[in-house]
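# A structural walkthrough
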Amino acid sequence: MLIAGFVSGVGSTFASIGGPPVALINQDLPGPRLRATLATYFTILSTITLFTLIPAGKLGPAELQLSLILLPGVVLGFLLSKPCRPPG
């Protein structure tokens, strides 16, 4: 888990692909638990990443403005995710 977490953190920071190492480690979990685990992991990792990018000068007003442009799509995707999922 430590190695997967490290690889995931580095991959997430450099290329926004932190999920595969952690998903591979947890692949035997049932679907709902896997999704909850990954969601928690990504929330914590994203917060840590943001707080490390600020002192490095890689997250400022321009990046925040660009992220606000993407926010409506994120909200819409979240709202549509439950109605679009298969029943069961």
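Residues numbered from 1 in each chain as written. Predicted model: local features only at pLDDT ≥ 70, side-chain atom pairs only at ≥ 80, totals over all residues. Heavy atoms only, no water.

### As for the nonpolar core
Counting residues in each nonpolar core, the largest one holds five residues, listed as Val22, Leu34, Leu38, Tyr41 and Leu45. Once residues within four sequence positions are removed from consideration, Leu45 is found in contact with Ser8, Gly9 and Ser12. (Core = buried A, V, L, I, M, F, W, Y, C linked by side-chain atoms within 4.5 Å. Buried < 20%, exposed > 50% of the residue type's maximum accessible area, 1.4 Å probe, protein only. Contact = heavy atoms within 4.5 Å.)

### Looking at helix H3 (residues 31-53)
Since one α-helical turn is 3.6 residues long, residues separated by three or four positions face the same way. Relative to the 33 Å expected for 23 residues at 1.5 Å per residue, H3 spans 32 Å between its end C-alpha atoms, a close match to the ideal helical length. Listing the buried residues of H3 in full gives Leu34, Leu38, Tyr41, Leu45 and Thr49. (Helix = DSSP H or I, 4+ residues; strand = E, 2+ residues; numbered from the N terminus. Expected span 1.5 Å × (residues − 1).)

### Here's the deal with the confidence of the model for the protein
Here the protein averages 86 in pLDDT, while 97% of its residues score no lower than 70. Within the protein, no element has a lower average pLDDT than helix H1 (residues 2-15), which sits at 76, and none a higher one than helix H4 (residues 61-84), at 94. (pLDDT = per-residue confidence, 0-100.)

### Side note on the packing of aromatic side chains
The tally for this structure, following the rule as stated, stands at one aromatic pair. Their ring planes at 65° and their centres at 5.9 Å tell us that Tyr41 and Phe42 sit as a pair that is edge-to-face. By relative accessible area, which is 33% here, Phe42 ends up partly exposed. (Phe/Tyr/Trp six-rings, centres within 6.5 Å; stacked < 30°, edge-to-face > 60°.)

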